[in-house]
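If you want the building blocks of each chain, they are given just below.
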Amino acid sequence: QVQLVESGGGLVQAGGSLRLSCAASRSIFSIDTMGWYRLAPGKQRELVAAVTGTGSTNYADSVKGRFTISKDNAKNTMYLQMNSLKPEDTAVYYCHARFGFREFWGQGTQVTVSS
């Protein structure tokens, strides 16, 4: 079992920045992928960004150029740097990790962007 704990959410004005963190309870050196998803009221869950064990990244079109995903294997932590935030970025953000056939989710952290 792997526990994922998100932090860093909060309330920010449009144009502002936040950095989310996802701390894993075990080494992430051997992960297949880790990523951030978000769920906004009335919308489907959306993959925001993901990073593979080798460091390849991909982003939703809506966040390209504004968000940056990264991971620190030494700290067993993944990050999401969010800049130029927009009200439409408001959602609960969830950390996700896949180790082989097993996948794990964090409890979520709320991000609210005011206009």
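Residues numbered from 1 in each chain as written. Predicted model: local features only at pLDDT ≥ 70, side-chain atom pairs only at ≥ 80, totals over all residues. Heavy atoms only, no water.

Student: I would appreciate a short explanation of the overall build of the protein in the present structure.
Tutor: Each helix and strand counted, the protein has zero helices and 11 strands in total. Listed by position from the N terminus, the elements making up the protein come as β-β-β-β-β-β-β-β-β-β-β. Against the compact-globule benchmark of 13 Å for 115 residues, the protein has a radius of gyration of 13 Å, which places it among compact chains. Within the protein, the fraction of its 115 residues that count as buried is 41%. In the protein, the proportion of contacts linking residues at least 24 apart, taken out of those at least 6 apart, comes to 53%. Of the roughly 6100 Å² of accessible surface on the protein, a fraction of 49% belongs to carbon and sulfur atoms. Charge separation in the protein, taken as the distance between the mean sites of 12 positive and 8 negative side-chain charges, equals 3 Å. (Helix = DSSP H or I, 4+ residues; strand = E, 2+ residues; numbered from the N terminus. Rg over C-alpha atoms; globule rule 2.2 N^0.38 Å. Buried < 20%, exposed > 50% of the residue type's maximum accessible area, 1.4 Å probe, protein only. Contact = heavy atoms within 4.5 Å. Areas by Shrake-Rupley, 256 points an atom, 1.4 Å probe, with all protein chains shown as cover. Lys, Arg positive; Asp, Glu negative; His and termini not counted. Charge placed at Lys NZ, Arg CZ, Asp CG, Glu CD.)

Student: Sorry if this is basic, but what is going on with the environment of Tyr 79 here?
Tutor: Along the chain, Tyr 79 turns up in strand S8 (residues 77–82). Here Tyr 79 falls in the buried class, since its relative accessible area comes to 13%. Discounting residues that sit within four places of it in the chain, Tyr 79 has contacts with Arg 19, Leu 20, Ser 21, Trp 36, Thr 68, Ile 69, Ser 70 and Asp 72.

Student: Help me understand the pattern of salt bridges, please; the structure alone is not making it clear to me.
Tutor: Should their charged atoms come close, side chains of opposite charge can pair. In the structure shown here, the tally under the stated rule is five salt bridges. With its nearest N and O atoms 3.0 Å apart, the salt bridge here joins Asp 89 to Arg 38. Taken together, the positions of Asp 89 in the loop between S8 and strand S9 (91–99) and Arg 38 in strand S4 (residues 33–39) put the pair 51 residues apart, joining distant regions of the chain. Lys 64 is the partner of Asp 61 in a salt bridge, and the nearest nitrogen-oxygen pair spans 3.1 Å. Where salt bridges share partners, they join Arg 38, Glu 46, Arg 66 and Asp 89 into one cluster. (Salt bridge = Lys/Arg side-chain N within 4 Å of Asp/Glu carboxyl O.)

Student: Mind showing me how you'd approach the state of the cysteines here?
Tutor: Disulfides are covalent bonds that link the sulfur atoms of two cysteine residues. In total, this model carries one disulfide according to the counting rule given. The side chain of Cys 22 participates in a disulfide bridge whose partner is Cys 95; the two sulfur atoms lie 1.9 Å from each other. The S-S bond linking Cys 22 to Cys 95 shows a torsion near -70°; that makes this disulfide left-handed. Taken together, the positions of Cys 22 in strand S3 (residues 18–24) and Cys 95 in strand S9 put the pair 73 residues apart, joining distant regions of the chain. For the pair formed by Cys 22 and Cys 95, the shared burial category is buried. (Disulfide = S-S within 2.5 Å.)

Student: Teacher, can you tell me more about the nonpolar core here?
Tutor: Considering soluble globular proteins, one finds that nonpolar side chains tend to be buried as a cluster. Among the nonpolar cores identified, the biggest contains 31 residues, and Leu 4, Met 34, Trp 36, Leu 80, Met 82 and Tyr 93 are the most heavily contacted of them. Only S3, S4, strand S5 (46–52), strand S7 (67–72), S8, S9 and strand S11 (109–114) provide two or more residues apiece to this core. Take this core: its biggest share by element is five residues, from S9. Sequence-distant contacts of Met 34, defined by excluding residues within four places in its chain, comprise Leu 4, Cys 22, Ile 28, Ala 49, Ala 50, Val 51, Ile 69, Met 78, Cys 95, His 96 and Ala 97. (Core = buried A, V, L, I, M, F, W, Y, C linked by side-chain atoms within 4.5 Å.)

Student: How do you make sense of the packing of aromatic side chains when you look at a structure like this?
Tutor: Working definition: an aromatic ring pair is given by the centre-to-centre distance plus the angle between the planes. Throughout the structure, instances matching the rule amount to two aromatic pairs. In this structure, Arg 45 is placed above the aromatic ring of Tyr 37, and the distance from its NZ or CZ to the ring centre is 5.3 Å. (Phe/Tyr/Trp six-rings, centres within 6.5 Å; stacked < 30°, edge-to-face > 60°. Lys NZ or Arg CZ within 6 Å of the ring centre and 35° of its normal.)

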